[in-house]
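Here is what each chain is made of, one letter per residue.
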Protein chains: 2
Amino acid sequence: MRAEIITIGDELLIGQVVDTNSAWMAQKLNEHGIELYQITSVHDDREHIIAAVDGAFKRADIVLTTGGLGPTKDDITKQVLCEYFRTRLIEDGRVREHIYDLYKDRPDVLNKLTATQWMVPEHAVILPNRVGSAPLMVFPHGPQLLASMPGVPYEMKIAMEEQILPYISRQYAVISGRDSVSPIMHKTLQVSGIAESTLAILLEQYENEIPSSIHLAYLPKDGIIRLRLSSYGEMTEEEMNLWYKRLKTLVSEYLIAETDEPLEVIVGKMLQAQGATISTAESCTGGKLASLLNKHAGSSAFYWGSVVSYDNSVKQHVLGVPERILETYGAVSEETVCIMANNVRKQMNTTYAIATSGIAGPSGGTAEKPVGTVWIAWATPEGTTAECFHLGKLREQITDRACTKALIGLLRMLQVRR
Amino acid sequence: MRAEIITIGDELLIGQVVDTNSAWMAQKLNEHGIELYQITSVHDDREHIIAAVDGAFKRADIVLTTGGLGPTKDDITKQVLCEYFRTRLIEDGRVREHIYDLYKDRPDVLNKLTATQWMVPEHAVILPNRVGSAPLMVFPHGPQLLASMPGVPYEMKIAMEEQILPYISRQYAVISGRDSVSPIMHKTLQVSGIAESTLAILLEQYENEIPSSIHLAYLPKDGIIRLRLSSYGEMTEEEMNLWYKRLKTLVSEYLIAETDEPLEVIVGKMLQAQGATISTAESCTGGKLASLLNKHAGSSAFYWGSVVSYDNSVKQHVLGVPERILETYGAVSEETVCIMANNVRKQMNTTYAIATSGIAGPSGGTAEKPVGTVWIAWATPEGTTAECFHLGKLREQITDRACTKALIGLLRMLQVRR
């Protein structure tokens, strides 16, 4: 089964908003055995929306749209879809009740514009949006269907998980008489420490041997290459696993993870499994490493805290790096970063600590320590080690890569202890 | 002049990568007076790429593609474009030299796959990619053109700014005999403390009066609504400014910013203008606030550091919140958050400090303090204030909104002092 996504909103096409919805939706579709063929972003414009819907129905069974469902004048998705599917808006009592309940503490919001939200297309299936005022609409279209959801990410996510995906699965089971669709499988390995082209040469014979029903992709980012094997329902899981194992053997020297999970999740699980805790002392990464480590639910089990010591006075007075160390070696040095890691580990009483100090730029670089120079230290019960990296020239790239290097270093230590 | 973007890569359509390129490119195109009509994401697949390019050429003058230019087997953009434009690959000596130079310290990368990178289409204009091995290609297509760039964000950004946009501007000036295209103008106001529908009713008359050559959009996110006026080259800047000023007067009560800059940038500029500095003490936001404050170049002028006190032991031992306060009032309380703000302000010796403590969930909520409860405190030279917020039910939403509330609070204080 094949789907397409149409994201509707001028804000996407003038670059005011990054479309994070589509990637999330793509993952969920794949998990449900539905292939996503194309993503199209269009303006809040009648002709443009109609052309995109028309095009998508030529290629896909399921069309998912997000956006354009607000109560304001610029949002026209509901009206345009009514026109496209030749139906009209009628009042829906259940939606009205839900909206009254949603705004029971904010009577000022129950105005005439909000009232337009309980007008729904007569010939659409209306599904509840428990966290917002725009109702979810499913338009049947012969054997195909179009589902329309809000563009606000958390509303869309709840809509997809609780309403749209179960609805699609049910419909599909009814039509095909099957309980589930053939699985789309993706299996990912993460490797580090090898160039993409060198890796491809290492895998040349393997790539020549894999059947055409399996596909190998290379995804390099921040010093990690994700190797993904994909199969679109034409292969058994056992066969897929054999190819996956062969791939793993071939890249074992560079392997850092056997799943597609973000590094911080893999590290978090290993820390928890070992009953270990972590703290961080961050200069150039400025809280990004802390933020990564506690991004996911359950992080309070292993993540204690961080001292972000952006200014040298904080390195000195909060982290206890002696003034003479900062003066003699500088803030970006092995000496400073090791003391930062040791001291935050002691202060926060954790098993491990990571410290970063570097020159994220654009200014502050010297001939000896150019922009992109980053020292990272890992303090462990066995002692402290540090390494110097050169991570590029752009601020965001440098801090992202520094977080990746910090986590890879920790991961390697945790793997040894396992 | 109208452009479209085609992003090429299976990783986008299985949700392994979020497309951040398109929003950035859209902004740059708009700054150059080029309207972005559509963004289409397609698979690394010959027929799919050809269909997308064909479709885009029916609607737009300029087609920009990203991705699919790596040296590995899964990347086929260059070959497919060669076929589409009926040309063939030939060796390019300048590209070869550049690649030799790029990998001069890594001779292992100069392998036969890397060698495919200096094969370029005979009938394309080849522009240099100074940070990567894939050459930039511009294919003339009658009065139209297609430009192909790598998908790696920092390579794409440098390619757009240094090569593709200047090339397009030059070409357009030659064809039209004009030096620049008519400006596309976007002007944004940011408001807070009013519901979207209530705001729309407040602006009802205004919306009825604005000419059709101007467009008003509402973009709600994390408790802020961005109001954007757009004009696509059919209005003078003076006229646009008049409508903008009227809008500003109408929403003055809720206004928090007169530009589209992120809040942290606005706050950073005001802190710098006032010669003030800031530190943060973060529990539920876990370093996100710190990370926002130092995300942009130049932040070391006003941002000193943060103590991320995720665990209570860190609140007690590093931030000095007395044990009996934590026991009596709990970590998520006015008392705790005020002491956190005061103490980090003293420890880091800054003008201001912000502290956050809340329940980000999914677990940890109680009847009295449900998930989403967040206390925020602002410590200033005049004293410390705190406020309690209820910021939803989802972890990411709660921490994002808490950062926004923290910054809005600080902004209001800075505006009073101005």
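Computed from a predicted structure; not experimentally measured. (Residues numbered from 1 in each chain as written. Chains lettered and ligands numbered in written order. Predicted model: local features only at pLDDT ≥ 70, side-chain atom pairs only at ≥ 80, totals over all residues.)

Could you give me a rundown of the pairing of strand S10 (residues 214-221) of chain B, with the residues and numbers involved?
Looking at chain direction, S10(B) and strand S11 (residues 224-232) of chain B are connected through 8 bridges and run antiparallel. Bridge pairing in S11(B) links B:Tyr218 to B:Leu227. (Pairing = 2+ DSSP bridges. Helix = DSSP H or I, 4+ residues; strand = E, 2+ residues; numbered from the N terminus.)

Can you break down the pairing of strand S8 (residues 144-149) of chain B residue by residue, with the values?
Residue and element names in this part refer to chain B. Buried residues dominate S8, accounting for 5 of its 6 residues. In terms of strand pairing, strand S3 (residues 62-66) meets S8 through 5 bridges, oriented parallel. Bridged to Val63 within S8 is Leu146. Once strand S7 (residues 136-141) ends, the chain turns through 2 residues before running back antiparallel as S8, passing Gly142 with a positive phi of about 60°. (Buried ≥ 20, exposed ≤ 12 C-beta atoms within 10 Å, placed from the backbone.)

How would you explain the environment of A:Ile194 if you had to name every residue and give the values?
All names here are of chain A. Along the chain, the position of Ile194 falls in the loop between strand S9 (184-192) and helix H8 (196-202). Residues Ile194 and Glu253, spaced 59 residues apart in sequence, show a C-alpha to C-alpha distance of 9.6 Å. When near neighbours in sequence (up to four residues on either side) are disregarded, Ile194 contacts Leu199 and Tyr254. (Contact = placed C-beta atoms within 7 Å.)

Outline the domain arrangement of chain A, listing residues and values.
Each assigned domain of chain A is listed here: domain 1 (2-176), domain 2 (184-257) and domain 3 (263-417). The C-alpha centroid of domain 3 of chain A is placed 43 Å from the C-alpha centroid of domain 1 of chain A. (Domains from an automatic or database assignment.)

So, the interface of chain B and chain A: which residues are in play, and what are the values?
In this complex, chain B contributes 77 residues to the contact, which on the side of chain A involves 76 residues. For the side of chain B that touches chain A, the element with the highest residue contribution is strand S14 (residues 303-309) of chain B, accounting for 7 residues. Of the residues belonging to the side of chain B that touches chain A, the class tally is 34 nonpolar, 29 polar and 14 charged. In terms of strand pairing, strand S2 (residues 35-42) of chain A meets strand S2 (residues 35-42) of chain B through 3 bridges, oriented antiparallel. Across the sheet, the residue bridging to A:Ile39 is B:Ser41, located in S2(B). (Nonpolar A, V, L, I, M, F, W, Y, C, P; charged D, E, K, R; others polar.)

Give a description of the packing of helix H3 (residues 46-59) of chain A against helix H4 (residues 77-84) of chain A that names residues and reports values.
Residue and element names in this part refer to chain A. At their nearest, the axes of H3 and H4 sit 10 Å apart, and the two run at 55° to each other. If you check the angle between H3 and H4, you find them oblique. Crossing of H3 over H4 shows right-handed handedness. Facing Arg46, Ile49, Ile50 and Val53 of H3, the residues of H4 in contact are Thr77, Val80 and Tyr84. Split by residue class, the contact of H3 with H4 holds 5 nonpolar, 1 polar and 1 charged. (Axes fitted to C-alpha atoms, helices over the stretch in contact; angles between N-to-C directions. Parallel < 35°, antiparallel > 145°, perpendicular 65-115°, else oblique. Left-handed = near helix turned anticlockwise from the far one by under 90°.)

With reference to specific residues and values, describe the sheet that holds strand S1 (residues 2-8) of chain A.
The 12 strands are arranged S6(A)-S7(A)-S8(A)-S3(A)-S1(A)-S2(A)-S2(B)-S1(B)-S3(B)-S8(B)-S7(B)-S6(B) in an open sheet whose pairing can be described as mixed. Looking at which strands have only one partner, the edges of the open sheet turn out to be strand S6 (125-127) of chain A together with strand S6 (125-127) of chain B. Pairs of neighbouring strands in the sheet enclose a mean axial angle of 15°, with direction left out of account. Pairing of S6(A) with strand S7 (residues 136-141) of chain A, which is carried by 3 bridges, proceeds in the antiparallel orientation. If you follow A:Ile126 over to S7(A), its bridge partner there is A:Met137. Docked against the sheet, helix H2 (residues 21-31) of chain A engages S1, S2 and strand S3 (62-66) of chain A, running at close to 160° with respect to S1(A).

So, the nonpolar core: which residues are in play, and what are the values?
Grouped together as the largest cluster of nonpolar side chains are 234 residues, with contacts concentrated most on A:Ala341, A:Ala377, B:Ala341 and B:Ala377. Leave out the neighbours within four places in its chain, and A:Ala377 touches A:Val337, A:Cys338, A:Met340, A:Ala341, A:Ala355, A:Thr384, A:Thr385 and A:Ala386. (Core = buried A, V, L, I, M, F, W, Y, C linked by C-beta atoms within 7 Å.)

Describe the sheet that holds strand S10 (residues 215-221) of chain A, listing the residues and the values that go with them.
Residues and elements named next belong to chain A. Within the open sheet, the 4 strands sit side by side as S10-S11-S9-S12. Their pairing is antiparallel. One side of each edge strand has no neighbouring strand; the edge strands of this open sheet are S10 and strand S12 (255-257). The sheet shows a mean angle of 35° between the axes of neighbouring strands, taken without regard to direction.

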